[in-house]
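Commentary on secondary and tertiary structure
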Amino acid sequence: MVKSRKAVVPEIAQKKKRVKAGGKKSKSFPVIAIGGSAGSFSAYEKFFANMPADSGMAVVIIMHLDPLHKSQLSEVMQRYTAIPVIEATDGMAIGPDHIYIIPSNKDMGIHNGKLLLLAASKPEGVRQPIDYFFQSLANDQWNRSVAVILSGMGADGETGIRMIKENLGMTIAQDPQTADYDSMPLAAIGTNLIDYVLAPEEMPLKIIQYLNHPVIAEEVDDDLKMSLKNNNAINKILMLLRSQTGNDFALYKKSTVTRRIERRIAYYQFTDYAHYAAYLKDNPEEIDNLFNELLIGVTKFFRDAEAFESLKQLLKELIGRKKVDEPVRVWIAGCSTGEEAYSVAMLLVECFEELKRIIMPKVQVYATDLDPAALEHARAGLYHENIVAEVSAARLKNFFTREDDRYRVKKELRDLVVFAQQNLIKDPPFIKLDLLCCRNMLIYFTPELQKKIIPLFHYSLNPGGIMFMGPAETIGGFTDLFRSLDPKWKLFGRQEGNIALRDMIDFPYQASKQPLHTVKPHEVSTTKQKRSFTDIFNKVLIDKFLPPSVLVNEKGDILYNNGNTGKYLELPRGETVANNILKLAREELKYALSSSLQQALKSGDTQVREHITLKDGKYSHLVSIRATAVREHEMPALVIFVFEDHGLIEVSKKAQHLSSSDGDAMAEALKKELVYTKQQLNTTVEEMESSMEKLRLSNEELQSTNEELQSTNEESLTTKEEMQSLNEELMTVNSQYQLKAEELTRLNNDMKNLLDATEVCTLFLDNDLNILRYTPQVRHLFNLIASDVGRPISHVVSNFEKPINEDEIREVIDKLTIKVTDLRTRDNEWYRVRIMPYRTLDNYISGAVLTLTQITDFKLMESNLEVLKDYAASILNDLPEATIQMNKNFVIISANGTALKLFKITQHDLQGKNAAELLKKLWKTEEAELLLSQCLNERKEVSAAVTTKTRQPKIYQLNARPFFEQTETTPLIVLRINESQSSA
């Protein structure tokens, strides 16, 4: 058992406030998550041999375990450390100075300090348990989390490292030179987000030093933390950053910047901000490191998959409205390493395919970021194989190509995206956009800067364009610029209308503030002189003759008013900045205005409200209201209210001078007022029911959102499971040997079944011609038993008339040739023996392979063919007429003696010649060639008399007969020639 040791605490950590006797310790403690594969036991042993038993930290081990075997890892790990080792159970709360181990065949997450077990995402396939837990830990513990990557195959943990770093956690990777398998450490280091690269035995001390630094430790006295901070020093740091990088971080949230600076201070173990500022001044390379720390961008393919599905539906609607010649323009602001840009590009291509657009419009995806290193990675388009957990198999096939253990974006998709460096704060934006993605970036900016950037985004988008934001981001008070398309996933549509230029006039990217228009004195006088009569007429008409009117937007905010509206609108009591007509309206008009506004927007027609009594002391006004919807191109929906006053009604006189006719009129007026009141009541009830339904739906959405926020983070990212662990007690010694033994057993089984199933006799020999393996069929040819394996082939008695030539086998092994011989057995059966060199997977020669194939039927057929050939030749020679046999190309195969005498040529010289060309040359005519062609084409016997055109013409009677097999592969033509007579 390892003895417990005190934690080694750096000198700076001694300044923290000590806990008094009897006092309660803080409930907050760091959580160290260690990820490795089955081959990393030596690294675990070295780590825990140097880890104090009373460090005050919890350790969680996530290892690739065999899903088919019960894990005994906790018993094995307990041998290395005095810290209690526990196998995690579902819902277990973690505590300091304990080690928790993931069970086999489970994925594990953490929420509110409790370990949660889930069914394995792919129980029998590729899994990614380390990434899954790292991401869960980052969201739960934030800067109190530590991620450690040890030896292992694949890239598990690479995505989780990014999430830990984004949430200000600490990251460590094992030095690849000390790792048995360096794939996982190299993948983590390749993210450029690893704080320390150390040997396992050096990690515990570095973790303790880092987490106990006063700027990191939560239990440190606030007074001590404040004494370390110096605003002047922070300003110096920001000044040095701006001087070297050209980027001013003063507009970033101060808390974000200071937390990143504190991580670097803890990294170097400086005592305060001033020491770090002095170090920056003398070490410019550290300014680049701090700059990269501030620019950490965590992204992955299709982050928040449901959000991208919602975006895809909106993109399909947007593209469906596009004309063929209109380009689709997209801007990805803060693209980091390019995963989000390629995800959007994939969605666009899929939208075009699903819409079945014959002609694909021009797609322009602009992806920008401040980090040049991230942009270089994005341009390369090369990603680790763990993206299989984020990208579906269909998308991997369509948009990626496999390169060893990585995936590269195909050229067709890569050509759609343009990556460029851009500072969102000071560089001009892209414009005329259909989609603008700015996810999880605005949260790092101050609210003042956000108020400048959001109107800028509105200006950049086309009418109907889409803005895609992160789950934690909002548009603030700019509800007049954007409308919500999907409130859950923060998808917004650009509102029709002109952006308020006052919100953009002092945006930081402008070198100096310029007035919208500078008017010179002489221009003013010129303008006044050039006022037309039309302007004068319109002004007098509006001011003197038109009734009081108000122009409002769909929310009732007053945009413009004309005439004396004081009798209809009044300011409410108390402090107010109200500019809404429903808040300013007189009490008697509020309902009529609200109802008219909604109905005018809904129907688009003019809505009239008449006989509204507006009381003014002892007098009453009869008022009517006209509400007309105004819809103009590229303008939001507006409504204009026109007020008409129909005169005063004196209450006292009405009561004193009521005649019978006046009474009827009064009764009629009361009836109308009653009907109007009922209509108002019905409308109010309908609006209330509609509002209640909206509230109910909103409540359901909020409940659903709350449940999702409380549930475990997205499903685990999975990748290849490197090796299976068998007996975990012996895994430190023989893990890789056991894996190879299993593979060898599986291969032996496959080979045995393959050889048993084949009908070919196969014999495997080593370099010394000793028997290694044979198929069961070999026993019919050699007297073999199981114990003969390993004996020389020469010691085994065979059933062949002649034994196999051992010299030929050695020649095959030495010269890498192939030998083929035919041998006959004592049972009069024939076998073709094929001797080939035995090649290993490493292309080494390790013996010979003999395959023996029975060819008895072939030999019998060959003998019969020879007999028939001899018989046919004897018959051919007995014929009195000259006879020639030829193939379909008219090449002569054989001829009888009469033909040899006719042409005065030997059999050797005649064989192989073209019969048509020979006859044409001898007889000076093409008639023989035409006869042969006719015989071949018509596939029937033909005859003809051919007259030669030699000096002494002769007449020959030719008869050509074809012989075809059913397969028509080897036609034979027999030509018989009889000499008839000479020419006269």
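Our structure's up above, just so we're on the same page.
Here's what I pulled together on the structure shown here. Everything numeric here is computed off the predicted structure, so don't read it as measured data.

Scoring rules and cut-offs
- Residues numbered from 1 in each chain as written.
- Predicted model: local features only at pLDDT ≥ 70, side-chain atom pairs only at ≥ 80, totals over all residues.
- Heavy atoms only, no water.
- Helix = DSSP H or I, 4+ residues; strand = E, 2+ residues; numbered from the N terminus.
- Polar contact = N/O pair within 3.5 Å; in protein donor to acceptor, adjacent residues only side chain to side chain.
- Contact = heavy atoms within 4.5 Å.
- Pairing = 2+ DSSP bridges.
- Axes fitted to C-alpha atoms, helices over the stretch in contact; angles between N-to-C directions.
- Buried < 20%, exposed > 50% of the residue type's maximum accessible area, 1.4 Å probe, protein only.
- Right-handed = clockwise from strand over helix to strand, strands pointing away.
- Phe/Tyr/Trp six-rings, centres within 6.5 Å; stacked < 30°, edge-to-face > 60°.
- Lys NZ or Arg CZ within 6 Å of the ring centre and 35° of its normal.

**What about the side chain of Ser145?**
Within the secondary structure, Ser145 is located in strand E8 (residues 145–149). A distance of 2.6 Å separates the side chain of Ser145 from the backbone oxygen of Trp142, its partner in a polar contact. Not counting residues up to four positions away in its chain, the partners in contact with Ser145 are Val31, Leu137, Ala138, Ile164, Gly169 and Met170.

**Details of the sheet that holds strand E28 (residues 819–824)**
Spatial strand order, E27-E26-E30-E29-E28: five strands in an open sheet with antiparallel pairing. The outermost strands of the open sheet, each flanked by one partner alone, are strand E27 (771–774) and E28. Averaged over all neighbouring strand pairs, the angle between strand axes comes to 25°, with direction disregarded. Where E28 and strand E29 (residues 830–839) come together, six bridges link them in antiparallel fashion.

**Overview of the sheet that holds strand E17 (residues 433–438)**
Taking strand neighbours across the sheet as the criterion, the seven strands line up as E16-E12-E11-E17-E18-E20-E19 in an open arrangement whose pairing is mixed. The strands lining the two open edges of the sheet, one partner per strand, are strand E16 (417–421) and strand E19 (482–486). Each neighbouring strand pair of the sheet contributes to a mean axis angle of 20°, computed without reference to strand direction. In the sheet, strand E11 (residues 328–333) pairs with E17 via three bridges, with the strands oriented parallel. The residue bridging Trp331 from the neighbouring strand is Leu436, located in E17. Docked against the sheet, helix H13 (residues 339–355) engages E11, strand E12 (363–369), E16 and E17, running at close to 160° with respect to E11. Each of E12 and E16 is contacted by helix H14 (residues 372–380), which is oriented at about 165° to E16, the strand it contacts most.

**Some thoughts on the pairing of E17**
Along a regular strand, successive side chains alternate from one face of the sheet to the other. Burial runs high along E17: six of the six residues are buried. Handedness of the crossover joining E17 and strand E18 (residues 461–469) through helix H17 (residues 447–460) is recorded here as right-handed.

**Observations regarding the side chain of Gln364**
With respect to the helices, strands and loops of the structure, Gln364 is situated in strand E12. Other than its neighbours up to four places away in sequence, Gln364 contacts Pro327, Val328, Arg329, Val330 and Leu416.

**Some thoughts on the packing of aromatic side chains**
Across all of its chains, the model carries 18 aromatic pairs by this definition. Plain terms: the ring middles of Phe308 and Phe468 are 5.5 Å apart, the flat faces sit at 85° to each other, and that makes the pair edge-to-face. Separated by 160 residues along the polypeptide, Phe308 in helix H12 (residues 305–320) and Phe468 in strand E18 bring together distant segments of the chain. Each of the two residues, Phe308 as well as Phe468, counts as buried. Taking the centre distance of 6.0 Å and the plane angle of 70° together, the rings of Phe782 and Phe800 count as edge-to-face. Residue Phe782 is found in the loop between E27 and helix H25 (806–815), and its partner Phe800 is found in the loop between E27 and H25; the two are separated by 18 residues along the sequence. The buried category is assigned to Phe782, whose relative accessible area is 3%. One aromatic cluster in this structure is built from Phe301, Tyr342, Tyr383, Phe400 and Phe419. Directly above the aromatic system of Trp830 lies the positively charged group of Lys859, at a separation of 4.7 Å from the ring centroid.

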